[in-house]
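Descriptive structure summary
Next come the chains, spelled out residue by residue.
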Amino acid sequence: MSDSHSEPAGVGSAADTTATTGPKASPARRPVDFEFRGSGGEFFKIWIVNLCLTILTLGIYSAWAKVRTNQYFYGHTSLNNSSFEYTATPMQILKGRLIAFAVFTAYNVVTQIYPLAALPLMLLFAGALPWIITRSLIFSHYNTRYRNIRFGFNGGYRDALMAFVVLPAVAILSLGILFPMVACRQQSWLVNNARFGNTEFKAKLSVGEFYSIYVSGLFLLGSTLIIFTLAHMFAPHLAPLVPLVMLPFYYLVFIYISVKVTNLTLNSSSLGSHHFESRLQTLPYVGILLTNTLAIILTLGFATPWAMIRTARYRAGCTTALVAGDLNQFVQAQQETQNAFGEELGEVFDLEFGV
């Protein structure tokens, strides 16, 4: 992959890399691409075995399937010729899934017997949600390694409660006006509590930039609504088809916002003196997702491994680390501090919450 990339303003620009502060100059940043080298045929063998054994064991093998899948994708994703590692064990994941299944079963039994208990239980779940999110992130970060250095997550319950329960509730009451602010708060919390070894990630995110993304997405959606409203006025017999035609546009706007938020978050993030660059584009990404979906439908699901590989390859190919100085020295420094820091998290379990 080429190492020549234009750098966004404020992230590794020429002014930034050549400016001097006192007697020392900031080291020039060089682009190092993330790479994904998996193949559909190779992963298909893992996927089909996972599927068959999961069915035969009534879902129990799904914990082992997740570990094998993550190990394949992490192991085939590399930065600077070194791949990532996924170190969780199937029993940890199975434990979390059994707990989730027991809670879900208990909820259904109690609400069937006492329907009025549904609301208090939902409020109880809302209170537990920040803990679930935090523990899930601790688990996923702790079980991710790069050059034998573990990632980590330091987020706490109170900030998670504000970002994922309180502020979203306020945003709903505001009729959605505050949703961009909530998205900014959530992304900031996710990045600023992550670390590699003993070095923390940092993200300088602006609420105004999130509003710009969401407003432009709403403008796209509003434009299509106007077009289809006018079409309905002149061709009312096509009215039943309008919801079906509008669905792809809703999907397009959703992907547009997701791509823009991902790019903004990564382009605003740093790890020590190193920065990141994301170059996802909406239309190519939508094209990949739509063709993936079509292939999965036409092959009755057997194209799923191929679709997963395509998506991972595209996302990795659009992501670059802007490395300041020697990356090997930085990793070595993390090894030294981590050895002193110790792996004090101990046993944590997977609660299967995707963020």
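Residues numbered from 1 in each chain as written. Predicted model: local features only at pLDDT ≥ 70, side-chain atom pairs only at ≥ 80, totals over all residues. Heavy atoms only, no water.

Quick notes on the pattern of salt bridges
Under the counting rule described, the total for this entry stands at four salt bridges. The shortest N-O distance in the salt bridge between Arg37 and Glu35 comes to 2.9 Å. Residue Glu277 is joined to Arg279 by a salt bridge in which the shortest nitrogen-to-oxygen separation is 2.8 Å. A relative accessible area of 3% means that Glu277 is categorised as buried. A relative accessible area of 23% means that Arg279 is categorised as partly exposed. (Salt bridge = Lys/Arg side-chain N within 4 Å of Asp/Glu carboxyl O. Buried < 20%, exposed > 50% of the residue type's maximum accessible area, 1.4 Å probe, protein only.)

Side note on the confidence of the model for the chain
In the predicted model, the chain carries a mean pLDDT of 84, and the fraction of residues at 70 or more is 83%. Looking at the elements of the chain, mean pLDDT is at its lowest for helix H1 (residues 14–18), recorded as 41, and at its highest for helix H11 (residues 304–317), recorded as 97. Contacts of residues 1–23 to residues separated by more than four positions or lying in other chains number 36 contacts, the stretch itself having pLDDT below 50. Low pLDDT, under 50, characterises residues 351–355; the stretch is placed with 13 contacts to residues that sit more than four places away or in other chains. (pLDDT = per-residue confidence, 0-100. Helix = DSSP H or I, 4+ residues; strand = E, 2+ residues; numbered from the N terminus. Contact = heavy atoms within 4.5 Å.)

Section: the environment of Leu167
Along the chain, Leu167 turns up in helix H6 (residues 157–173). Along the backbone, Leu167 and Phe179 are 12 residues apart, and their C-alpha atoms lie at a distance of 8.6 Å. Apart from the residues within four sequence positions on either side, Leu167 is in contact with Met162, Met181, Val182 and Arg185.

What about the sheet that holds strand S12 (residues 319–324)?
Strand order around the closed barrel formed by 10 strands is S3-S4-S5-S6-S7-S8-S9-S10-S11-S12, with antiparallel pairing between neighbours. Sheet twist, expressed as the average angle between the axes of neighbouring strands with direction ignored, equals 30 degrees. Contacts between H11 and the sheet are confined to strand S3 (29–36) and S12, with S3 contributing the most and set at about 180 degrees to the helix. (Pairing = 2+ DSSP bridges. Axes fitted to C-alpha atoms, helices over the stretch in contact; angles between N-to-C directions.)

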